[in-house]
Structure formats: structure tokens, C-alpha cells
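A closer look at the structure
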Amino acid sequence: MSEHTDSTALYPAADVAAWRAAGYWNDDTFATFLREAAARFGDNEAVVGHDLHGVNHRLSYRELSTAADATARRLRALGITRGDFVVVQLPNTTEFLPTIFALFHLGARPVFALPAHRAAELRHFLASTNAAAWIAPGSHNGFDYRDLAREVLPALPNPVQVIIAGPDPAEFASLGGDPVADLPAPAPVAPEELAFLQVSGGSTGIPKLIPRTHADYLYSVRESARICQLSTATRMLVVLPVSHNFTMSSPGVLGVLWAGGTVILTEDPTPTSVFHLIDAEKVTMTAAVPPLAMTWLALRPRIDAHLDTLEVLQVGGAKFPAEAARKVTPVLGCRLQQVFGMAEGLVNYTRADDPEDVVTGTQGRPISPADEILILDDEGHPVPEGESGHLLTRGPYTIRSYFNGADPGAFTDDGFYRTGDIVRRLPTGHLIVEGRDKDHINRGGEKISAEEVENHLIAHPDIIDAALVAIPDDYLGERSCAWIISDTPPTATEIREFLTRRGLAAYKLPDRFEFESSFPLTGVGKISRKALRRRLAATLTTDTSKDD
Ligand code: AMP
Ligand code: DBH
């Protein structure tokens, strides 16, 4: 047995005992989560969406549970068993929930890949978990996952069974096929056991595998559902990838299923489609990353749809500029909730009764009274209250190590996770994210906060979104380049004048501008600074060769 099937290995026993005594952790597990939801909410609508064959479905809790049982019987027949790691790489289609609950029923551990992951990520997930299987869509949205499997499998040290969830499995097994086995009883998993592996976003590197237990994750889900006031009346539109930690747990699809509401899955994030779905399905809440939210804000006036059922837009995953945050209620007519979370654990929410400036100007405060927050200077000393520093955290749903002990430097000896985020804290406990510890541009010794300049840029009426990144410079070490998204781009001179009028210091004015129609994005849709830097480096090399 690996270290991660040992039920006591992931958190210190004394902490577990304290969290149980406080009622944070209990005996709930994902092995029985859906059955219990079906017993409580039977005929309520659980999920709406289409499957990989393009067929639309509306499933009640009872029907969803039956579908999960059928999938469990099929996966059992394919040999999936307790303790197996199974990479699940499915889009926002109706196969997703039956698949993960089938795995939980069998006591197998999903590894939550994103549909956007490719060979480098899959190789890493499959090899480092010694995965038994990989469940993939087949050919979907113009990409052939069967070809990906053909590319990745031969180089793996371990045999991996590929299971295709959509049509035409080719030489691979089919998730929907025969034969099926008898349905075993739910696996007798312990709440402190590893339930699944989440993956970190990797906006700056290769994703890390994050071991989450039944007890810690369910605690965060239950509390998230309570904080976000979910009920049987909740209708959540899921636009971001369903397997991402935000969409899954903050409060996400699991929170909605915990509360008896309805999950509406869509694969189309365009404003026209999203607004029409909100209208047609009477959606009450949805979640977006900032680049997506900003497109919705920009295009709302051009699209004719009723959004009056929409109560809350959650925005998280990356910093939502205050300028944009202030537009949410006037433009979309709903409340904004900021969500600052990480697949490693800690999640912060602005609350429904927070004053408006807190909702638009902060990224929320932690879920739990037991979340410990440290804000440290570069030397590791606590900063004076209200000043910014490195965020470290420890608590009842934050991991103490990555899977297999990877990247041990991300944790202190006493178990705090170094988030890499630079934050400051208000007296109310709300956190303001000021950037990543590597997001500063060092222009000949003058430090420029990417976030500060981006905030000024997006205040320009013709700029939809902006990102500032460093480009290498022989003379200054680094210079700044602003990547601008705009339908009607202003000139570089106009933007510099605009920023100067707003009082921005001359050294903070972007040295260079790139006008584009979109950003390179990570799998969940965050701006990929890594890809931006790479593209700029490529452009610069080309420019130089032209100069020569
Ligand atoms: P991941 O590694 O994919 O789990 O991403 C977690 C990271 O995303 C956090 O450590 C932050 O850097 C960033 N993040 C998430 N939500 C927010 C937010 N609301 N504001 C700023 N940064 C965020
Ligand atoms: O970015 C994230 O990883 C994230 C954002 C909001 C997250 O994991 C979460 C909420 O739970």
C-alpha cells in the first residue's frame, strides 16, 4: 500500500481529533454522498446538460444516482477497484457526475485532469500515480483524445487502460459498453483517507497533484454551501471546467448537490450562449474567471436576454480588478461574490452581507475559523497588520504536502502551505491579493506591480482586459510589456497619456504594447503569464532578427 492509502498519513492525528471535536470533520464520505443526496432530494432536478453523444438530459437525483450505479457496474467489469487511481478527463457533459460517483462508490481515486491538458500533463498524471485507467471523451471539440492516448501510452512505465466515454472508442474500451458486473456495496472508505487528486492550475508551471481527503474536502463543500446560501432553489450554471477545484467545490457542483439544487452544465462560455441559458434555465448563480467575466460585462449591452433570475456571479481564480468588479451589479443586475481559492485548500469568499466596497475591493475572507493565515516579509517575519507580504496558510482543508512529497519547499516545517500569493489583510480579516510573488517587474531596480498597472489600463473605456508582463532587457534587466485586449484599440501614445493623467509614475508606463483579440489561457481560462512571456520572447526574437 502506498503512503496515500494509509488513513492517518495526510494530517497529524492531533489536528484530526481537534477538527472532529469541533464538528468540522465528520464521517461523511464521497462513497455514499450521491446515494444520500438521492434519498434526501429524490425527484428534484439534479443535473441538466448534454452528453458526449450530443443528447440532452435532465436527471433527477434518483436518476443521477441510478446512472452512477450503472457506470460503477461497468467500471467494475473493466477491473477498476478500490485504491486505483483513474485519470478523469471529461468536459462539461452529463457523463462527468456518474463517472466520478461511480469511482467513489468503488473506492477508486479520480485524478481530475482538465480537457485542455495534453501530452505533458497526462504523462505526468498517469505515470506519477501509476494510474489504472484514463477516462477520456474520444474525439471532442476538434481534438482527438484517442490520438493523445496513442501518443502518451507507449512511453509510460505502467499499463493504463483507456476508457472512452463518447462515441467511437476505436481500439479502446467504452464507458457505456457491456459487459457489466454486479454492483458491489459502497467501498468502506475512511473519511480521513485520500479521496482524489486535484491538480494545481499551473499558470506558471506543470500542474502539481494535490491529495484531498473525504473529510477535509466535504468540510469545505458543506461550509461553502452554507456561506453561499445554497438551497434546493439554487440553479447553478457551470461554465468553467467542471473538474476544476473552483467549479467543483467553491461551492461548485458538489455544494449544489449537497444542498439539493440543480447543476446546469454547458460547454459554451460565449456571452450569447451563457446569457440565453441563464434566461432559459432560470439560472440563479454562475462562476467565472476574470477574463471571462470581463467579456460578459463588455458584451452584455449587445445581447438580448433576461437575466433577472441571476442572483450571484462568483468571480475567482485570478485577481478581479476593482474597476471591473464595480461594473457587475450595474451591468448584469446581480450581486458579485469574489472567491479566492486554491486547489491546495484555503478558500476565501466575500459574504452576502459584506458592504459593497468590501465585495468589489477584496477577495474575501477564509471559510473557517480554523484557517490560519500568516502574512510574512521576505525574511519570514510577520508584516505589520495591513501591510502586504507572502501568504502562508494551514487549516482543516489545506494540504500538508503534495502527492508523493513533491515540491517540499512549498511547505514549512510546521505544515503551513506557501501560497506564492502576495496579500494584505483588512482589520475585518478580508484579504486583498496584490499579485504573485513573481509577478513584479524589476525595471532597473524599480519594482512595478503588474496588477497596479493592469488596473489603470482596464479603466480605459476602450480596453476590455490587459496583462502586464516582464520582457528581458539588456540595459534595465526587465522592461514591461502590456498585452491589450480591445475591439477598438487606442494607440500606444493615447494609452500612455491616459495612464499619465491617472497619475501613474513614468517608470510604470508600459514600455511596449501588444494589441490582441485574446490572451493565451490556462486550462480553466486564467491568463497564462508563462505563455504570454513565451510569445513575447518569440516576437522579440523575430523583431531583433529583422533589425539585424
Ligand atoms: P491553483 O494553483 O490552480 O489552485 O490556483 C490557485 C491560485 O490562483 C491562488 O494561489 C492565486 O494565486 C490564484 N487565485 C485564485 N483565486 C484568486 C482571486 N480571487 N484573486 C487573485 N488570485 C486568485
Ligand atoms: O484558482 C483556483 O484554484 C480557485 C479559485 C477559486 C479554487 O481552487 C477555488 C476557488 O476553490
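Residues numbered from 1 in each chain as written. Chains lettered and ligands numbered in written order. Predicted model: local features only at pLDDT ≥ 70, side-chain atom pairs only at ≥ 80, totals over all residues. Heavy atoms only, no water.

Structural notes on the overall build of the protein chain
Helix and strand counts for the protein chain stand at 17 helices and 27 strands. Relative to the globule expectation of 24 Å for 548 residues, the C-alpha radius of gyration of the protein chain, 23 Å, shows essentially globular dimensions. For the protein chain, the C-alpha atoms occupy an extent of roughly 70 × 50 × 50 Å along the three principal directions. When burial is assessed residue by residue, the protein chain has 57% of its 548 residues classed as buried. Of all intrachain contacts in the protein chain linking residues separated by at least 6 positions in sequence, the fraction that spans at least 24 positions is 68%. A total of about 21600 Å² of accessible surface is found on the protein chain, and carbon and sulfur atoms cover 51% of it. Computing the positive centroid from 50 side-chain charges and the negative centroid from 70, the protein chain places the two 1 Å apart. (Helix = DSSP H or I, 4+ residues; strand = E, 2+ residues; numbered from the N terminus. Rg over C-alpha atoms; globule rule 2.2 N^0.38 Å. Buried < 20%, exposed > 50% of the residue type's maximum accessible area, 1.4 Å probe, protein only. Contact = heavy atoms within 4.5 Å. Areas by Shrake-Rupley, 256 points an atom, 1.4 Å probe, with all protein chains shown as cover. Lys, Arg positive; Asp, Glu negative; His and termini not counted. Charge placed at Lys NZ, Arg CZ, Asp CG, Glu CD.)

Re the sheet that holds strand β21 (residues 417-425)
Either a parallel or an antiparallel arrangement is found when strands of a sheet pair, and the pairing is made through backbone hydrogen bonds. The strand order across the open sheet formed by four strands is β19-β20-β21-β22, and the pairing between neighbours is antiparallel. Either end of the sheet is taken by a strand with one partner, and the two such strands are β19 (372-376) and β22 (431-436). Along the sheet, successive strands turn relative to each other by an average axial angle of 45°, direction set aside. (Pairing = 2+ DSSP bridges. Axes fitted to C-alpha atoms, helices over the stretch in contact; angles between N-to-C directions.)

A short note on the domain arrangement of the protein chain
On domain assignment, one finds that the protein chain holds domain 1 (30-42 + 52-189), domain 2 (235-436) and domain 3 (440-539). On a C-alpha basis, the centres of domain 2 and domain 3 stand 24 Å from each other. Each partner contributes to the interface: domain 2 provides 18 residues, whereas domain 3 provides 16 residues. In total, domain 2 and domain 3 occlude about 1300 Å² of area from one another, counting both sides; carbon and sulfur atoms represent 59% of this. A per-residue breakdown of the area domain 2 buries against domain 3 is headed by Pro291, Met294 and Glu323, which together make up 33% of the total. Taken together, domain 2 and domain 3 are joined by three salt bridges. Glu323 serves as the salt-bridge partner of Arg502, at 3.4 Å between the closest nitrogen and oxygen. Run the count over domain 2 and domain 3 and you get four residue pairs in polar contact (both at pLDDT 80 or more). (Domains from an automatic or database assignment. Buried area = accessible area lost by both parts, 1.4 Å probe. Salt bridge = Lys/Arg side-chain N within 4 Å of Asp/Glu carboxyl O. Polar contact = N/O pair within 3.5 Å; in protein donor to acceptor, adjacent residues only side chain to side chain.)

Side note on the UniProt feature "domain: AMP-binding enzyme C-terminal" (unreviewed entry) in the protein chain
With numbering aligned to this structure, UniProt lists the feature "domain: AMP-binding enzyme C-terminal" (unreviewed entry) at residues 452-526. End C-alpha atoms of residues 452-526 are separated by 18 Å, and the span's content is 23% helix alongside 31% strand. (UniProt positions renumbered as here; feature names shortened; annotations may be inferred.)

What about the side chain of Glu193?
Checked against the element boundaries, Glu193 lands in the loop between β9 (173-174) and β10 (194-199). On the accessibility criterion, Glu193 (4% relative accessible area) is buried. Here Arg109 takes part through its side chain, which lies 3.3 Å from a polar atom of the side chain of Glu193.

A few points about the site of ligand 1
Residues in close proximity to ligand 1 total 17 residues, the closest being Gly201, Gly317, Val339, Ala343 and Asp421. Taking Val339, its main chain carries an N or O atom lying 2.8 Å from a nitrogen atom of ligand 1. Coverage of ligand 1 by the protein amounts to 90% of the 500 Å² it exposes when considered alone. Within the residue set of the shell around ligand 1, elements represented by two or more residues are β16 (335-342) and β22. For the shell around ligand 1, the class distribution of residues is six nonpolar, six polar and five charged. (Near = heavy atom within 4 Å. Nonpolar A, V, L, I, M, F, W, Y, C, P; charged D, E, K, R; others polar.)

Digging into the site of ligand 2
The environment of ligand 2 is made up of His244, Asn245, Phe246, Ser250, Gly317, Val339, Gly341, Met342, Ala343, Val347 and Lys526. A distance of 2.7 Å separates an oxygen atom of ligand 2 from a polar atom in the side chain of Ser250. Between ligand 2 and the protein, one listed contact pairs an oxygen atom with a backbone N or O atom of Met342 at 3.4 Å. Against a free-state accessible area of 290 Å², the protein chains account for coverage of 96% of ligand 2. For the shell around ligand 2, the elements supplying multiple residues, two or more each, are α8 (245-249) and β16. Of all the elements, β16 adds the most residues to the shell around ligand 2, at three residues. Split by residue class, the shell around ligand 2 holds five nonpolar, five polar and one charged.

Some remarks on the packing of helix α7 (residues 214-227) against helix α9 (residues 252-259)
Two elements in contact, α7 and α9, have axes separated by 9 Å at closest approach and are oriented at 70°. One finds that α7 runs roughly perpendicular with respect to α9. Crossing of α7 against α9: the hand is right-handed. Here α7 contributes Tyr217, Val221, Arg222 and Ala225 to the contact with α9, which in turn contributes Leu254, Gly255 and Trp258. When the residues that make up the contact of α7 with α9 are grouped by side-chain class, the tally is five nonpolar, one polar and one charged. (Parallel < 35°, antiparallel > 145°, perpendicular 65-115°, else oblique. Left-handed = near helix turned anticlockwise from the far one by under 90°.)

So, the sheet that holds strand β13 (residues 262-265)
Judged by pairing direction, the sheet is mixed, and its nine strands sit side by side in the order β2-β1-β13-β12-β14-β15-β16-β17-β18 without closing on themselves. Two strands lie at the open edges of the sheet, namely β2 (56-60) and β18 (365-366), each paired on one side alone. Pairing geometry for strand β12 (residues 235-238) and strand β14 (residues 285-288), over two bridges, is parallel. Each residue of the ladder has a partner; that of Met236, found in β14, is Met285. Sheet contacts for helix α3 (residues 61-77): β1 (45-50) and β2; angle to β2, the most-contacted strand, approximately 105°. Contacts from helix α11 (residues 290-299) reach β14 and β15 (312-316), with the element oriented near 120° to β14.

Remarks on the pairing of β22
Here β21 runs beside β22; their pairing, made up of five bridges, is antiparallel. Its bridge partner lying in β22, Asp421 is registered against Arg436. Turn length for the β21-β22 hairpin, with the two strands adjacent in sequence and antiparallel, is five residues, and the turn residue Gly429 shows positive phi of about 95°.

Here we look at the pattern of salt bridges
Within this structure, the stated rule accounts for 31 salt bridges. The closest approach of N and O atoms between Arg20 and Glu192, which form a salt bridge, is 3.1 Å. On the criterion of sequence distance, the pair formed by Arg20 in helix α1 (residues 13-21) and Glu192 in the loop between β9 and β10 is long-range, its members being 172 residues apart. Residue classification places Glu192 among the buried residues on the basis of a relative accessible area of 18%. Of the charged contacts in the structure, one is a salt bridge between Lys208 and Asp407, with a shortest N-O distance of 3.6 Å. Of this pair, Lys208 sits in the loop between β10 and β11 (209-213) while Asp407 sits in the loop between β20 (389-394) and β21, and the two are 199 residues apart along the sequence. The network of salt bridges with common partners includes Glu45, Arg58, Arg235 and Glu281.

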